[in-house]
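# Per-entry structural report
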Amino acid sequence: MDSSVSPLCQKRAMVEDCEEEERHEKIFVSSIMLLTTMAAWYHRKSIVKEMPADKAEKNVERQSVFETLFSETYCMEQLHISKQSFLKLCTILCEKGGLVETKNVPVKEAVAMFLHILAQNLKYRLIKVTYCRSVETISRQFNRVLRAVMKLSKDFLRSYEPKLQGQEAEKWKWFEGCLGALGRTFIPLNVPLEDRSRYRNKKGEISTNVLVVCSPEMKIMYVLPGWEGSASDSQVLQDALTRRDHLHVPSDKYFLADVIYANGPGFLAPYQGTRYDLKEWAGNVPTNYKELFNLRHSTAMNVIERTFKLLKRRWGILQTTSFFDLKTQIRIISACCILHNFILDEQPDDLLLQDIDHELEAELVPKNADEPGDEIACVQATSQWAEFRDKLAMEMFETFQGQQGYENEF
């Protein structure tokens, strides 16, 4: 019996050994195939993709762009910011804005692309040629920098203690307790077709009604973009005073306001129906207290005109419609205001501002105000505030009459 069973067991053992060996062979072959596949994937992703001739050429081009970028001329002409200010901005965006350097795009390059788009109002496809980056990369980096800039709003969009000297101090000395000036401007927007009627202003332009408050030194203290171009100025101001991040007006302080606003607590407006624009005063002398008050009010309020012109001159994206979605366009307006304040701090002798001042002096461009008959109801006018304006205006005129003449003061 044993002799008949033993060969059978041996045969079964041999079969099992063959199956085991075949199983090991299959595992070995599968492992080899897996390793081969992984090696091919790594080669394609890590070597072939990064080192082709066209990418090597792009790296050379990109390096050339960097060398050009870090020149004072390029920064001023293309980015509208000095080289020193640009480098400091990169540092602040990293430290306070949370901007971090990615594997393939340095912080300086990301910030440069962002500023280039704002300053020149360029589309991604044009930036793609200059910086040798894909449209996807440019879009991603633009939004990263935009978020970082918006995080700086509390540091730069705030109240500023006036530190006036010379001619500027002379303009504001009559307005004790005044924090600055308030005005509005229209900035073109790209909106969906169904919303265009709401964003069409009185001139027929598709825009947003932007309320801006600035200090005597042209620092923007508060900005409220986003309201439709058809919205009344009173509606926009009311929103600014009641929203969560509202405009703060201390009870013992006030702002100079344009003629489109009412003369009420916190907002000192000029007399209506009386000569006001600086252009109208060329060669003329005030003949009563209302005219003198309006002249001095207009001279100080000129800070709003200068601020708007500088803001739009530096950031070309604010001059015409852009391709961004509506929400991004609104955030860009706020970002431009933040950058405006930063540059004023870093570049006190700004060439752009000097050009604008020369233009205003030569042309005496009047302020962009609506006719006196337009709706004025942003704050409720009060008799107390009218008396305050009359008293201030009469004090000005008494002092003026006691002097030798208009030319001696102005």
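Residues numbered from 1 in each chain as written. Predicted model: local features only at pLDDT ≥ 70, side-chain atom pairs only at ≥ 80, totals over all residues. Heavy atoms only, no water.

Rules: UniProt positions are given in the numbering used here, feature names are shortened, and annotations may be inferred rather than shown by experiment.
If you check an unreviewed UniProt entry, the chain appears there as Nuclease HARBI1 isoform X2 from Nelumbo nucifera. Under the UniProt heading Subcellular location (unreviewed entry), the entry covering the chain gives this text: "Nucleus". In its Cofactor (unreviewed entry) section, UniProt records this for the chain: "a divalent metal cation".

### A closer look at the packing of aromatic side chains
Put simply, the rule reads: Side-chain rings of Phe, Tyr and Trp, where Trp is taken by its six-membered ring, are said to pair if the distance between their centres is within 6.5 Å; with planes under 30 degrees apart they count as stacked, over 60 as edge-to-face, and otherwise as tilted. Helix and strand assignments follow DSSP, with helices taken as H or I runs no shorter than four residues and strands as E runs no shorter than two, numbered in order from the N terminus. Note on classification: 1.4 Å probe, protein chains only; a residue is buried when its accessible area is under 20% of the maximum for its type, exposed when over 50%, partly exposed between these limits.
On inspection of all chains with the given rule, the structure shows 11 aromatic pairs. Arranged with centres 4.9 Å apart and planes meeting at 45 degrees, the rings of Phe114 and Phe142 form a pair that is tilted. Within this pair, whereas Phe114 is found in helix 5 (residues 107–120), its partner Phe142 is found in helix 7 (residues 135–150), the two being separated by 28 residues in sequence. Residue classification places Phe114 among the buried residues on the basis of a relative accessible area of 1%. Relative accessible area serves as the criterion here: at 1%, Phe142 is assigned to the buried category. Note on Tyr271 and Phe293: the rings are 5.5 Å apart at their centroids and 75 degrees apart in plane angle, and the pair reads as edge-to-face. Within this pair, whereas Tyr271 is found in the loop between strand 5 (267–268) and helix 12 (289–314), its partner Phe293 is found in helix 12, the two being separated by 22 residues in sequence. Classification of Tyr271 by relative accessible area gives buried; the value is 5%. Classification of Phe293 by relative accessible area gives buried; the value is 0%.

### Some details on the sheet that holds strand 3 (residues 220–228)
Note the threshold: Should DSSP find at least two bridges between two strands, the strands are taken to pair. The contact criterion used throughout is that any non-hydrogen atoms of two residues lie within 4.5 Å. Every angle, taken between N-to-C directions, lies between 0 and 180 degrees, and every axis is a line fitted to C-alpha atoms, over only the stretch in contact when it is a helix.
Taken together, five strands build an open sheet; the order of strands is 3-2-1-4-5 and the sheet is mixed. The open sheet has two edge strands with one neighbour each: strand 3 and strand 5. Pairing of strand 4 (residues 254–257) with strand 5 involves two bridges; the strand directions are parallel. Its bridge partner being in strand 5, Leu256 is matched across the sheet by Leu268. Packing against the sheet, helix 11 (residues 233–242) makes contact with strand 1 (178–188), strand 2 (207–214), strand 3 and strand 5, and its axis sits at approximately 125 degrees to strand 3. Here helix 13 (residues 326–346) sits on the sheet and contacts strand 1, strand 2 and strand 3; the angle it forms with strand 3, its principal contact strand, is near 165 degrees.

### So, the pattern of salt bridges
Applicable threshold: By definition, a salt bridge exists where a carboxyl oxygen of Asp or Glu is found within 4 Å of a side-chain nitrogen of Lys or Arg.
In total, this model carries 15 salt bridges according to the counting rule given. Among the ionic pairs, Glu136 bridges to Arg140, the shortest N-O distance being 3.6 Å. Of this pair, Glu136 and Arg140 both sit in helix 7, four residues apart, which is roughly one turn of the helix. Owing to a relative accessible area of 41%, Arg140 belongs among the partly exposed residues under this scheme. Taking the shortest distance from any N to any O, the salt bridge between Arg313 and Glu359 comes out at 2.8 Å. Note that Arg313 is positioned in helix 12 and Glu359 in helix 14 (residues 351–363), a separation of 46 residues in sequence. A relative accessible area of 29% means that Arg313 is categorised as partly exposed.

### Some thoughts on the environment of Leu352
Residue position: Leu352 is located in helix 14. The spatial distance from the C-alpha of Leu352 to the C-alpha of His80 is 8.6 Å, given a sequence separation of 272 residues. If near-sequence neighbours (up to four positions away) are discounted, Leu352 is found in contact with His80, Leu310, Arg313 and Arg314.

### Overview of the packing of helix 4 (residues 83–95) against helix 13
Where we set the bar: Reported orientations rely on four angle classes, namely roughly parallel under 35 degrees, roughly antiparallel over 145, roughly perpendicular from 65 to 115, and oblique for the rest. Helix crossings are classified by the rotation of the near helix relative to the far one: an anticlockwise turn of less than a right angle makes the crossing left-handed, while a clockwise turn makes it right-handed. Side-chain classes follow a simple rule in which Ala, Val, Leu, Ile, Met, Phe, Trp, Tyr, Cys and Pro form the nonpolar group, Asp, Glu, Lys and Arg form the charged group, and the remainder, Gly included, forms the polar group.
Viewed as axis vectors pointing N to C, helix 4 and helix 13 meet at an angle of 125 degrees, and their least axial separation amounts to 11 Å. As summarised for this structure, helix 4 and helix 13 are arranged oblique, according to the angle between their axes. Relative to helix 13, the crossing made by helix 4 is right-handed. Along its contact with helix 4, which presents Ser85, Lys88, Leu89 and Ile92, the element helix 13 presents Leu339, Phe342 and Glu346. Taken together, the residues of the contact of helix 4 with helix 13 sort by class into four nonpolar, one polar and two charged.

### Some details on helix 11
Within the sequence span of helix 11, burial applies to Asp233, Ser234, Val236, Leu237, Asp239 and Ala240. Elements that come into contact with the buried residues of helix 11 comprise strand 1, strand 2, strand 3 and strand 5.

### Considerations on the pairing of strand 1
Burial of strand 1 is extensive: nine of the 11 residues sit out of reach of the surface. Summarising the sheet, strand 1 and strand 4 pair through four bridges and their orientation is parallel. Following the sheet pairing, Leu182 is matched in strand 4 by Ala257. Examined bridge by bridge, strand 1 and strand 2 share eight bridges and lie antiparallel to one another. Its bridge partner lying in strand 2, Ala181 is registered against Cys214.

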